[in-house]
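# Structural characterization, general
The residues making up each chain are set out below.
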Amino acid sequence: MKKKGLIISFEGIDGCGKTTQANLFFEYLKESGLDILLLNEPGGTYAGEKIRDILLDSRNSICPFSELFLYLASRLQLVEEMIRPAVEKGTTIILDRYVDSTTAYQGYGRKLPIKFIESIHRTFIGSLMPNITFLIDAPAENLLPIIEKKKRDRIEEESIEFQKRVRKGYLAIARKNRTRVHIIKRKTQEQTHKEIVKEWGKFLNGLKDSAGFSLKSTKKR
Ligand code: TYD
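Just so we're clear, the structure is a prediction, and the values are computed from it rather than from any experiment. (Residues numbered from 1 in each chain as written. Predicted model: local features only at pLDDT ≥ 70, side-chain atom pairs only at ≥ 80, totals over all residues. Heavy atoms only, no water.)

## A look at the overall build of the protein
Selection criterion: By the criteria applied, helices consist of DSSP H or I runs no shorter than four residues and strands consist of E runs no shorter than two, each listed in order from the N terminus. We take the radius of gyration over the C-alpha atoms and set the globule estimate at 2.2 Å times the residue count to the 0.38 power. Buried, partly exposed and exposed residues are distinguished by accessible area as a fraction of the type maximum, computed with a 1.4 Å probe on protein chains only: under 20%, between the cut-offs, and over 50%, respectively. The Shrake-Rupley method, run with a 1.4 Å probe, gives the accessible areas here. Residue values count only the displayed protein chains as cover. Charge assignment: positive for Lys and Arg, negative for Asp and Glu; neither His nor the chain ends contribute. Taken as the charge centre is NZ of Lys, CZ of Arg, CG of Asp or CD of Glu, depending on the residue.
Regarding its fold elements, the protein presents eight helices and five strands. Listed by position from the N terminus, the elements making up the protein come as β-α-β-α-α-β-α-α-β-α-α-β-α. Relative to the 2.2 N^0.38 estimate, which gives 17 Å for 221 residues, the radius of gyration of the protein is 17 Å and therefore close to what a compact globule would have. Dimensions of the protein, computed from C-alpha atoms along their principal axes, come out at roughly 55 × 35 × 30 Å. Relative to its full complement of 221 residues, the protein shows a buried share of 48%. Counting every atom, the protein has about 11,500 Å² of accessible surface; 54% of that belongs to carbon and sulfur. Distance from the positive charge centre (40 side chains) to the negative charge centre (28 side chains) of the protein: 5 Å.

## Topic: the site of the ligand
Put simply, the rule is: We call a residue near a molecule or strand as soon as one heavy atom of that residue lies within 4 Å of the molecule or strand. Counted as a polar contact is a pair of N or O atoms within 3.5 Å, where, for protein atoms, one must be capable of donating a hydrogen and the other of accepting one, and residues adjacent in sequence contribute only when both atoms are in side chains. With a 1 Å grid spanning the protein atoms alone, the term cavity applies to any set of points in which a 1.4 Å probe fits but cannot get out, the term pocket to an open set with protein on both sides within 12 Å along at least five of seven lines, and the term lining residue to any residue with an atom within 4 Å of a point. Any molecule with more than half of its atoms within 2 Å of a cavity's or pocket's grid points is counted as sitting in it.
Looking at the ligand, there are 16 residues lining it, with Asp14, Tyr71, Arg97, Thr102 and Gln106 nearest. Take arginine 52: an N or O atom from its side chain is 2.8 Å from an oxygen atom of the ligand. Between tyrosine 71 and the ligand, the recorded distance is 2.8 Å, taken from a side-chain N or O atom to an oxygen atom. A majority-of-atoms criterion places the ligand in the largest pocket.

## Points about the environment of glutamate 157
Heads up, the condition is: The contact definition used throughout considers only heavy atoms, calling two residues in contact when any of these lie within 4.5 Å.
Residue placement: glutamate 157 occurs in the loop between helix H6 (140–149) and helix H7 (160–176). Put simply, glutamate 157 and leucine 34 are 123 residues apart on the chain and 38 Å apart in space, counted from C-alpha to C-alpha. Ignoring anything within four residues of it in the chain, the contact list for glutamate 157 reads Ser58 and Arg152.

## So, the pairing of strand E3 (residues 92–96)
Walk down a regular strand and you will see the side chains alternate between the two sheet faces. Which entries qualify depends on this criterion: Any two strands are treated as partners once DSSP identifies two or more bridges connecting them.
Of all five residues making up E3, five are buried, and the element is well covered by its neighbours. Burial of E3 is two-sided: the residues Thr92, Ile94 and Asp96 facing one way and the residues Ile93 and Leu95 facing the other way are all buried. Bridge analysis of strand E1 (residues 7–11) against E3 gives four bridges, and the strand direction is parallel. Residue phenylalanine 10 lies in a different strand from E3, and its bridge partner there is aspartate 96.

## Topic: the pattern of salt bridges
Selection rule: One speaks of a salt bridge when a side-chain nitrogen belonging to Lys or Arg is within 4 Å of a carboxyl oxygen belonging to Asp or Glu.
If you walk through the whole model with that rule in mind, you get 16 salt bridges. Among the ionic pairs, aspartate 57 bridges to arginine 59, the shortest N-O distance being 2.8 Å. The partner of glutamate 156 in a salt bridge is lysine 150, and the shortest N-O contact between them spans 2.9 Å. In this structure glutamate 156 comes out as buried when scored by relative accessible area, which is 5%. Linked by salt bridges that have partners in common, Glu67, Arg110, Arg154 and Glu158 make up one network.

Here is the structure:
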């Protein structure tokens, strides 16, 4: 059987520090010599970056379903152009946001039908769902000062109630996918990173080689 690369995703509400953690984890795995790729959503392809600009531009007024389809369009470009070919080569992928972002933001945040979003993911993402997800969790009100400090994009301009619904959504996704989604309580940067590395170790122990995944090394023997 041909071995496939693993898909690791990082999720969380705005300001939770998931991009920092995805980067730290990427460096950590790279140092161990793993063949690895870091991607972030929305965007990551030529067409996807254009879609990202439309999505995050605060001057745009976008209706909820258009927003959903734009996020999905950006994702499917990334899947077909980058994720699928890399995974088939045995490369491990870290994603800074992926499928759960849409369920949490458009499903729970915008109140669009969750079953519909899940069914689109099943149809178009299929076997390229994440193998493991780190959900960096903190109450929305604690993260407000962080979002307020930066120039906010269209989504970050949403109310605190929206962010609270998204967090609730993430926790519901975690409850539904207990083996895949690991909730990491947001602490200091280092403590959070250590916790992620610890959970990763446990995941690797449980991952049988026969599961058909490869952790391909870039180091020559
Ligand atoms: P980005 O600048 O990448 O921020 P972050 O560092 O928080 O990931 O902006 C992405 C924004 O898009 C973020 O507010 C979450 C939102 N988003 C959705 O609403 N649905 C999605 O499917 C994805 C991938 C992101």
